[in-house]
Amino acid sequence: MPAIRYDVYRAHDGIESIPAAERTGLEERIFQRPLEDVWQDCVRFFQERDPEQISRAHDNPKRRMALIFRWYLGLSSGWSISGTEGRVADYQVWCGPAMGAFNNWVEGTYLAAVENRHAAELATHVMRGAAFTSRVNQLRLAGARLPARACSYVPAPLDSAQ
């Protein structure tokens, strides 16, 4: 359970209401430090940038818990960028519509299964797809009429001899 689960947030009114065993698990496995220390980091951070956040959380335990969870969320992408080894399970890579477009592109192919996705092979398919699309566009500009099924690059397993 490396990531903070939404159900933990929904189930409790604040950090203080999380049962001791569950809180200890959060501190040891996810935050890797006492939640009070994380809260102090939050206070320091927001006092410099947005003191209103701390004021609003002062009498609102749920809001304090939200800021503590945001601490984790805010740092998790940085851990992946810096390659923090002790935080590999917490790495968070932000993506946008490109991830959805990629998933649509590989739907129905062997790359639909995440375990088949390897960086070098994906890069090869993206480059081949770009070259393929470029060539199709050149042919169209030259007046060639191509059937629709011949105009889309579909990733297929790479031959290991290539």
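Worth saying up front: this structure is predicted, and the values here are computed from it rather than measured.

A.B. asks: I'd like a rundown of the packing of helix 3 (residues 35-49) against helix 4 (residues 51-58), residues and numbers included.
C.D. replies: A pair of packed helices can be characterised by two numbers: the angle between their axes and the separation between those axes. Remark: helix 3 packs on helix 4, axes separated minimally by 6 Å, with the N-to-C direction vectors making an angle of 135°. By the criterion of interaxial angle, the relationship of helix 3 to helix 4 is oblique. Residues Trp39, Cys42, Val43, Phe46, Gln47 and Arg49 of helix 3 pack against Pro51, Gln53, Ile54 and Ala57 of helix 4. Looking at the contact of helix 3 with helix 4 residue by residue, the classes come out as seven nonpolar, two polar and one charged.

A.B. asks: Residue-level account of the side chain of Ser76, with values.
C.D. replies: By secondary structure assignment, the location of Ser76 is in helix 5 (residues 61-82). Within the structure, the side chain of Ser76 is placed 2.9 Å from the backbone oxygen of Leu73, a separation counted as a polar contact. Those residues within four positions of Ser76 in sequence are excluded, and the remaining contacts are Asp90, Tyr91 and Gln92.

Reading guide: rules and limits
Residues numbered from 1 in each chain as written. Predicted model: local features only at pLDDT ≥ 70, side-chain atom pairs only at ≥ 80, totals over all residues. Heavy atoms only, no water. Axes fitted to C-alpha atoms, helices over the stretch in contact; angles between N-to-C directions. Helix = DSSP H or I, 4+ residues; strand = E, 2+ residues; numbered from the N terminus. Parallel < 35°, antiparallel > 145°, perpendicular 65-115°, else oblique. Contact = heavy atoms within 4.5 Å. Nonpolar A, V, L, I, M, F, W, Y, C, P; charged D, E, K, R; others polar. Polar contact = N/O pair within 3.5 Å; in protein donor to acceptor, adjacent residues only side chain to side chain.

Interpretation note: all reported values are geometric properties and have no functional meaning in isolation.
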